[in-house]
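Listed below are the residues making up each chain.
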Amino acid sequence: MANPLYDALFAPLRQQTWTFLHLPDGAVMSGAAFHDMIAQLAQALRAAGVVQGDRVAVQAAKSPRALALYAACVSIGAVYLPLNPAYTPAEVAYFIGNATPRLIFCDPSAQAVLAPIATRHQARLETLAANGAVSLPLANGDGFAPSPCAGADLAAILYTSGTTGRSKGAMLSHHNLLSNAQVLAQMWQFTDGDVLLHALPIFHTHGLFVATNTVLVARASMIFLPSFDLGAVLAALPQSTVMMGVPTFYTRLLDSAQITRQSTQHMRLFVSGSAPLRAETHSAFLARTGHAILERYGMTETNMNTSNPYAGARRAGTVGMPLPSVELRITEGGAELPQGAVGMIEVRGPNVFSGYWQMPEKTAEDLSADGWFRTGDLGMIDDQGYVQIVGRAKDLIISGGFNVYPKEVELLLDAAHGVQESAVIGLPHPDFGEAVFAVLTPQQGAVLDTGAVLASLQGQLARYKQPKAAVVLPDLPRNAMGKVQKAQLRKDYADWFSKSS
Ligand code: AMP
């Protein structure tokens, strides 16, 4: 029996005599050398008693060894469980208690504080440093053979960011990951000549699966940067052919005068996802470079669902069409809505996860018996088949009984004089239940008059959609993937209207 992910993604590295990773210090690592790293780790995991189905949790800095650990787990049928290095020990304790891994890797600086947590859950604790030094004794990888697995076997558990309630562990199978990587490599026309500029974290689906697995399927290579550092990214750009990023990467690139038509002429593709790319960023990038950023939409539970076309029109403000083999529908109360109506985005296909780890009730709430996953995103399909996302269902505002989609208000606010960007939220209000509230950031050098900005919406929006108040912040709060933290804003301003009425 085969091991689907090892066979398709990692076994071919053995023959890859050319570069797989370009490293920040100028060193390169061939595919074959990376395969040796995988084999040594895989044998070491086996020697440590890790068996098929065991979870291996990793809270470590991005490094080639950390990436090889993902591959090593998958190759022996273990379940890889990456954790954001920013999580506090208390948060890690929750994940360890929920997932009960056999083995935990952490940064050496966290060893002392995580040791009692590991002991409590009978997990072995090892360290993995930012420079790739690992405390687990490495084994000889010669003659390594993978463990056989079925396509439905778990390859990874990724915890969702959990802005409401406890974070949930999305169970992803070999088949989920492989089917999506194959579709993306084909859609985005990856070849072994591609060099991907990889500045994303590898604890999240975007950097770990979308970027890495797609490169592996194509036997391409990556410039593997520890994080998004503008100088390092600009320096790496001339050697790259493709970049994948979150929207903030693009706004930061646009801040640099070095981003020009000429400096990006050799690039084949820029991809954006994980958070909405503002139409303004899309058009500014196009005007400056001649490249239309390709926006796609996915999530931890489903891998990628939609993509703007590689060859056809890449339309700003949309996330494109469903990928081949992915079905997408818009529903309300479980019933499918006609084209053009706004409702819950549901998806079905080989990309969709098998449920939340040890949370059968939550799984049943979101994943129907016939395979449809309620994404929690609200959106619509336009008359050309492009999907538009209007926001998370939990961010929908119901003011005086009327639905307000924040995106509609944000688009107008963003266009108002002096406004850089905006976040529209609903806050508790004694009369309306919820009232629309806007958080604005100013364009460089602008001084915002919130009254004037709100007045500019008159005549453009129904009264009930217009924010009843606004504040100005220097920046919107964002997480590591560039998503605006609306839950945080709702908390920060929770008593605004109870105070002022
Ligand atoms: P995560 O599970 O962290 O990848 O977050 C998934 C969520 O990010 C989705 O459910 C969407 O709300 C959001 N998201 C991802 N890509 C896009 C996009 N291109 N436009 C708007 N929202 C997006």
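Because the structure is predicted, anything quoted here is derived from the model rather than measured.

> Just checking my understanding: could you explain the overall build of the protein chain for this structure?
Regarding its fold elements, the protein chain presents 15 helices and 25 strands. Taking 23 Å as the expected radius of gyration for a compact globule of 501 residues, we find that the protein chain reaches 23 Å, a close match to that expectation. Overall, the protein chain is about 70 × 55 × 45 Å in size when its C-alpha atoms are taken along their principal axes. For the protein chain, the proportion of contacts with a sequence separation of at least 24, taken over those separated by at least 6, is 66%. Here the protein chain has roughly 19800 Å² of accessible surface; of this, 54% comes from carbon and sulfur atoms. The average position of the 35 basic charges and that of the 38 acidic charges among the side chains of the protein chain differ by 2 Å.

> Just checking my understanding: could you explain the packing of aromatic side chains for this structure?
Given two aromatic rings, one states the distance between the centres and the angle between the planes to describe the pair. If you walk through the whole model with that rule in mind, you get 20 aromatic pairs. Relative to Tyr159, the ring of Tyr94 lies with its centre 6.5 Å away and its plane at 75 degrees, an arrangement referred to as edge-to-face. Of the two residues, Tyr94 sits in helix H4 (residues 89-99) while Tyr159 sits in strand S7 (residues 154-159), which places them 65 residues apart along the sequence. You'll find Tyr94 and Tyr159 in the same group, each marked buried. Cluster of aromatic residues (ring-pair linked, three or more members): Phe10, Tyr70, Tyr80 and Phe209. Above the ring of Phe224, the side-chain terminus of Lys62 is found at 4.7 Å from the ring centroid. When the ring centre of Phe432 is taken as reference, the NZ or CZ atom of Lys468 above it lies at 4.6 Å.

> For this particular structure, what's the right way to read the layout of surface pockets?
Here the idea is plain: a probe the size of a water molecule rolls over the atoms and shows the empty space left. Taken as a whole, the second largest pocket encloses approximately 260 Å³ of empty space. Taken together, 20 residues make up the lining of the second largest pocket; nearest its centre are Lys62, Pro201, Ile202, Phe203 and Pro226.

> Whenever I open this one, the side chain of Gln43 confuses me. Can you help?
Topologically, Gln43 is positioned in helix H2 (residues 31-47). Note on Gln43: relative accessible area 19%, which makes it buried. If near-sequence neighbours (up to four positions away) are discounted, Gln43 is found in contact with Ala139, Asn140, Gly141 and Phe144.

> How do you make sense of the site of the ligand when you look at a structure like this?
By nearness alone, 16 residues border the ligand, and Glu295, Arg296, Thr300, Asp377 and Lys483 come closest of all. Residue His204 places a side-chain N or O atom 2.9 Å away from an oxygen atom belonging to the ligand. In this structure, a nitrogen atom belonging to the ligand sits 2.9 Å away from a side-chain N or O atom of Glu295. Isolated, the ligand exposes 490 Å² of accessible area, and the fraction of that covered by the protein chains is 91%. For the shell around the ligand, the elements supplying multiple residues, two or more each, are strand S13 (294-299) and strand S20 (387-392). If you tally residues by element for the shell around the ligand, the top one is S13, at 5 residues. Grouping the amino acids of the shell around the ligand by side-chain chemistry returns 6 nonpolar, 5 polar and 5 charged.

Scoring rules and cut-offs
Residues numbered from 1 in each chain as written. Predicted model: local features only at pLDDT ≥ 70, side-chain atom pairs only at ≥ 80, totals over all residues. Heavy atoms only, no water. Helix = DSSP H or I, 4+ residues; strand = E, 2+ residues; numbered from the N terminus. Rg over C-alpha atoms; globule rule 2.2 N^0.38 Å. Contact = heavy atoms within 4.5 Å. Areas by Shrake-Rupley, 256 points an atom, 1.4 Å probe, with all protein chains shown as cover. Lys, Arg positive; Asp, Glu negative; His and termini not counted. Charge placed at Lys NZ, Arg CZ, Asp CG, Glu CD. Phe/Tyr/Trp six-rings, centres within 6.5 Å; stacked < 30°, edge-to-face > 60°. Buried < 20%, exposed > 50% of the residue type's maximum accessible area, 1.4 Å probe, protein only. Lys NZ or Arg CZ within 6 Å of the ring centre and 35° of its normal. 1 Å grid on protein atoms, 1.4 Å probe; cavity = no way out; pocket = protein on both sides within 12 Å on 5 of 7 lines; lining within 4 Å. Points joined across faces, edges and corners; volume = space filled by probe spheres on them. Near = heavy atom within 4 Å. Polar contact = N/O pair within 3.5 Å; in protein donor to acceptor, adjacent residues only side chain to side chain. Nonpolar A, V, L, I, M, F, W, Y, C, P; charged D, E, K, R; others polar.

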